[in-house]
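Working through the structure, step by step
For reference, the chains in residue letters:
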Amino acid sequence: MNDEIITSIKKDIYEYIHTNIPARIIDFNHVDMTATVQIIAKLKIRGIEQIPKAIYRVPVGHSRSKVFGERNPLQKDDIVYLSFSEVSLEKILSSGTPEGVLGDSKFDLTDAVITTHISLNNSKMPSDNKEDWCLFNFETGHKLVFKKNGELEIFNKKLTIIAEESIELDTPTINASKSTLNIKKVVATESVSDRGKILGDHKHGGVQGGPSDTGGPK
């Protein structure tokens, strides 16, 4: 195949590449934040309809700074939206050095970026918490809700907090009326109550001196 034919084929491909196009996730790398995708469209190359080959190592758009970041784990067969850069992304992604001049290049399949999910008609969001910010686990039904009024609600099976130094709570009351508290030690700076009795101030009447101990609070 000579250069003229190759150039003709590339031209046919470029003419059918738009700035945005839907694709299906084949595989997702949660460390590199890249994915292998299959474009959901057919291209007509030299008059013949063809299904494009899979595109590998497509960057997945996500929120990330030098300090903070978030990750939404894409799943196989998720439908996403691809955007195509007008300049090559290869050098930009590896070294931050721009490559190519804006306006001098065509959109290329290898310069795609996954920008967002596309919700199918049967993949609707839950109807509750309409005005709140929510994080959902659709498999378990659990969710984290940052309510419009400032309250934070967590609905899950188990909450694990691993704190290297301490957990600081600045609140007048902790309500856990249905809970059993299993802890190693209680250190109270003021008082500890047991069934309405303040243990530090509680006294038993009618106790005679001697080596025996008193009973529990009454």
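Our subject is the structure that appears above.
Report on the accompanying structure.

Following the sequence through the fold, Val-80 ends up in strand E6 (residues 79-84). Between the C-alpha atoms of Val-80 and Thr-116, which are 36 residues apart in sequence, the distance is 5.7 Å.

The five strands are arranged E5-E2-E1-E6-E7 in an open sheet whose pairing can be described as antiparallel. Among the strands making up the open sheet, the edge pair consists of strand E5 (55-59) and strand E7 (112-117). Here the average twist between neighbouring strands, direction ignored, is 50 degrees. Bridge count for E6 against E7 is five bridges, and the pairing is antiparallel. By the bridge assignment, Val-80 is partnered in E7 with His-117.

Further remarks concern the packing of aromatic side chains. In total, this model carries one aromatic pair according to the counting rule given. Here the aromatic rings of Phe-136 and Phe-138 are separated by 5.7 Å at their centres, their planes lie at 20 degrees, and the arrangement is stacked. If you follow Lys-143 out to its NZ or CZ, it ends over the ring of Phe-155, 5.3 Å from the centre.

On to the pairing of strand E9 (residues 143-146), then. Of the two faces of E9, the one lined by Lys-143 and Val-145 is fully buried and the one lined by Leu-144 and Phe-146 carries no buried residue. Pairing between strand E8 (residues 133-136) and E9: four bridges, direction antiparallel. Bridging across to E9, Leu-135 finds its partner in Leu-144. What sits between E8 and E9 in their antiparallel hairpin is a turn of six residues, with Gly-141 showing a positive phi close to 85 degrees. As judged from the four bridges shared by E9 and strand E10 (residues 152-155), these two strands associate in the antiparallel manner. Pairing of Phe-146 across the sheet is with Leu-152, part of E10. Between E9 and E10, which pair antiparallel and follow one another directly, the connecting turn spans five residues, one of which, Gly-150, has a positive phi of 100 degrees.

Looking now at the sheet that holds E8. An order of E8-E9-E10 is seen for the three strands of this open sheet, with the pairing classed as antiparallel. Whereas interior strands pair on both sides, the edge strands pair on one side only; in this sheet they are E8 and E10. Sheet twist, expressed as the mean angle between neighbouring strand axes with direction ignored, is 10 degrees.

This part takes up the nonpolar core. Formed by 17 residues in total, the largest nonpolar core has its most connected members in Val-37, Leu-82 and Ile-114. When residues of this core are traced back to their parent elements, those giving at least two are strand E1 (20-29), strand E2 (34-39), E5, E6 and E7. Not counting residues within four places of it along the chain, the set of residues in contact with Val-37 comprises Ala-23, Arg-24, Ile-25, Ile-26, Ala-54, Ile-55, Val-58, Leu-82 and Ile-114.

Conventions and cut-offs
- Residues numbered from 1 in each chain as written.
- Predicted model: local features only at pLDDT ≥ 70, side-chain atom pairs only at ≥ 80, totals over all residues.
- Heavy atoms only, no water.
- Helix = DSSP H or I, 4+ residues; strand = E, 2+ residues; numbered from the N terminus.
- Pairing = 2+ DSSP bridges.
- Axes fitted to C-alpha atoms, helices over the stretch in contact; angles between N-to-C directions.
- Phe/Tyr/Trp six-rings, centres within 6.5 Å; stacked < 30°, edge-to-face > 60°.
- Lys NZ or Arg CZ within 6 Å of the ring centre and 35° of its normal.
- Buried < 20%, exposed > 50% of the residue type's maximum accessible area, 1.4 Å probe, protein only.
- Core = buried A, V, L, I, M, F, W, Y, C linked by side-chain atoms within 4.5 Å.
- Contact = heavy atoms within 4.5 Å.

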